[in-house]
Amino acid sequence: MGEIDPSGRPHGEWQRAASARNLRRPEKRQRGGVVFRIGLLLALVVPAAFTSPWYVAYAAPLPDVSQLDTDVSADSIVYASDGTTVLADLHAPGYQHYYEPLSAMGTALPDALVAIEDRNFYHEPGIDPAGIARAAVVDLRAHDTVQGASTITQQLVKVRLLGNQPTIQRKLTEALMSFAVERRYSKSQILEMYLNSVSFGNSAVGTAAASSIYFHKKTSDLDLAQAAMLAGIVRGPTVYSPFTSWQAAKARQHEVLAAMVDSGKISQADADKAFKEDISPPSHMFKPVNKMVAPGFVSYVTGQLKKSFGSQATYGGGLHVYTTLNMPLQKMAQDAITSTQADVAWRHVQQGALVAIDPTSGAITAMVGSANAGTDGGQYNLAVWPPRNPGSSMKLYTYTAAIASRDYTMTTPIQDSPLQYRDPGSQTIYKPQNYDGTYHGTCQVQVCMGNSLNIPAVKVELGIGVPAVVQMARTMGAPPYQQHPDGSFTNNDDPNSFGPSLTLGGYGETPLQMATGASVLATQGVLHQPFAIAKVQRGGDTIYQHTVSGQQVVDPKVAFIMAQMMSKDENRAMIFGRDSQLTIPGWQVAVKTGTSDSFADAWTVGFTPRIAVAVWMGNPDWRVKMVEGSDSYVVAVPAWHSFLAQALPTLGSENWPGPPAGLVSAWGDYYLPGTEPSSPPVTYTSPAPSGGGGGGGHKKKKH
């Protein structure tokens, strides 16, 4: 190997060619470079010069070398809740860096870099007088500045503190500061800082990024051929790029291996074997790939990081972000949304979203932002924006407010009959209709809710006042949005500005908000604000730690009653039949469906004590409607059922809480104190509406 140049030219010809090109530079520059080297050598070999008043005065305004204590801009890594699964690598475009200690780098790459860049590194005082003299002789013979003489310490100063301005003053300053660096840091520290700061091209800064990007390996796992290739790139990442000039990269690798032989780090046989190894792209060497798991969730986390720490720290602060995402649940959720969307695509359903929350803490355990990231709307995180019409799932807040008002109980009879309401503000007449355009007699509140009858819900809403429903939704973490003529949304409007269509989903909600609202009922009225970031560390220090705290926002007795109403299969049997897809065999689950009148949105929201889930299906553009009859039962329920059927066994057994203290149990139902009936409540059987509107045959005609 020592006698063969990898470029195919006679030995040394490529060096002479480079020298010949340099000879064409101006004679004045040639003499200047040589004179400067000799002058620098004379000045710097006298240690006393650096204790003189002149040196002290010159060095005073120079950059503080203690800046090296801080690492260069580093990627932020986002992890799942297991603390090991990487969800995303956040960095500025064309720049990736991960700090790693020298002890974690192994020996191949550090040895290769020292051999080719500064073989006297461990024996010099920051500059290499012998190297300067040697370079000066070569320059004199070539009549040009041909050979470099910068030490690793000087290169570190240049990269981290001074920049690469080609002036004599900068070079002298670099040398002076190199002495200061050597006095402050050990050789191991200097080498570690250098190896973490130097650019390897291909977006990689530092050994860890280079090893990961080029070879998909840890630095300590690089073999000799790979290490020599990377070490050779440092001198000129563009000139020696294996992706643009493989011949030049191999020639440089040859030089590195030869230098390692000369320094006694490897044998000639090792070098020959390494040089012959095939590490060529694209099979063995790679370009940067920005992989992202759970893109919707990652975008949400990134937004939270930017709010808390700013964009610069988010993309270059070296943050280690530990999130709440449960990877098994996330995979189940994504599969459920993606497969359901594929099954109902013929109904003109393009997208879907899902949010799952741990009610006991508020941790977001799953978040699916879209059914398919590569399709229309897939670039958005539809789990958090924009607000969509929640349909009848909004009745969750209506009936919670009704029970809390004490004007209604779970068995209060409501007549499902024609209703006409004149809005006092706009003077418009509002005439709500049921999903099938007919009426269903009189039913108890719990049955009206379970079968999602619209007219009874509006009557209850008007009975307690629309502002009460607005306030309840806000209290439970789901403030409804109003959209304005300019397309903007607000969720802090005057409660009196909302109309009676609120209970039927006339105002916007997001899956994250709907899951949050459901989680309140799952914890007997305690709101844990949803969160996605559990902990953030930087440099081993914890700079943020989420503290779980809850606020009692709904009377636990009210929440218990709502959970009973929503989890009884018999309450929804009139429309959905017994043992429908709204039940999960072997599990008690509370659930509410919702479909907008125009078939633009389909929802299913449900909970158990350990998980609250909201599913939305539809189109990113609300003006694109699903096929007529594409209600929640056939569009959203399949995804909700598929997810929970897998998630609940994964989470393990759970116990629903018993009745809270003070709750009254009477005739098989539950009441707030003082609201229980004096005699058994009458059960009303809804008559089949004219035209065939009742019974199990209309399971798929549900809002």
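Going by the structure above, here's the rest.
Residues numbered from 1 in each chain as written. Predicted model: local features only at pLDDT ≥ 70, side-chain atom pairs only at ≥ 80, totals over all residues. Heavy atoms only, no water.

> Explanation requested: the state of the cysteines in the structure shown.
The term disulfide refers to a covalent linkage connecting the sulfur atoms of a pair of cysteines. According to the stated counting rule, one finds 1 disulfide in the structure shown. Paired through a disulfide, Cys443 and Cys448 show a sulfur-sulfur distance of 2.3 Å. The sign of the S-S torsion, about 105 degrees, decides the handedness of the disulfide formed by Cys443 and Cys448: right-handed. We classify Cys443 as buried; its relative accessible area is 0%. For Cys448, a relative accessible area of 1% translates into the label buried. (Disulfide = S-S within 2.5 Å. Buried < 20%, exposed > 50% of the residue type's maximum accessible area, 1.4 Å probe, protein only.)

> Whenever I open this one, the pattern of salt bridges confuses me. Can you help?
Where charged atoms from two side chains of opposite charge come close, those side chains can pair. For the coordinates displayed, the defined rule picks out 12 salt bridges. In this structure, Asp335 engages Lys331 in a salt bridge whose closest nitrogen and oxygen atoms are separated by 2.9 Å. Note that Asp335 and Lys331 are positioned in helix H15 (residues 327-343) at a spacing of 4 residues, about one turn of the helix. Among the residues examined, Asp335 registers a relative accessible area of 38% and is labelled partly exposed. A salt bridge links Asp555 to Lys557; the nearest nitrogen and oxygen atoms lie 3.2 Å apart. A relative accessible area of 16% means that Lys557 is categorised as buried. Here the salt bridges share partners, and the residues they tie into one network are Glu117, Arg235, Arg252 and Glu255. (Salt bridge = Lys/Arg side-chain N within 4 Å of Asp/Glu carboxyl O. Helix = DSSP H or I, 4+ residues; strand = E, 2+ residues; numbered from the N terminus.)

> Looking at this model, I keep getting lost on the sheet that holds strand S1 (residues 76-79). Mind explaining?
Backbone hydrogen bonds are what pair the strands of a sheet, in a parallel or an antiparallel way. Taking strand neighbours across the sheet as the criterion, the 5 strands line up as S2-S1-S6-S16-S17 in an open arrangement whose pairing is mixed. Edge strands, defined here as strands with exactly one partner in the open sheet, are strand S2 (86-90) and strand S17 (541-545). Each strand axis lies, on average, 20 degrees off the axis of its neighbour in the sheet, ignoring direction. Examined bridge by bridge, strand S6 (residues 319-323) and strand S16 (residues 533-538) share 5 bridges and lie antiparallel to one another. Paired with His320 across the two strands is Gln537, which belongs to S16. (Pairing = 2+ DSSP bridges. Axes fitted to C-alpha atoms, helices over the stretch in contact; angles between N-to-C directions.)

> Would you explain the pairing of S16 in this entry?
Side-chain direction in a regular strand flips from residue to residue, so the side chains alternate between the two faces of the sheet. Relative to S17, S16 is paired through 4 bridges, and the arrangement is antiparallel. Bridged to Gln537 within S17 is Thr542. What sits between the antiparallel neighbours S16 and S17 is a turn of 2 residues, in which Gly539 has the positive phi angle 60 degrees.

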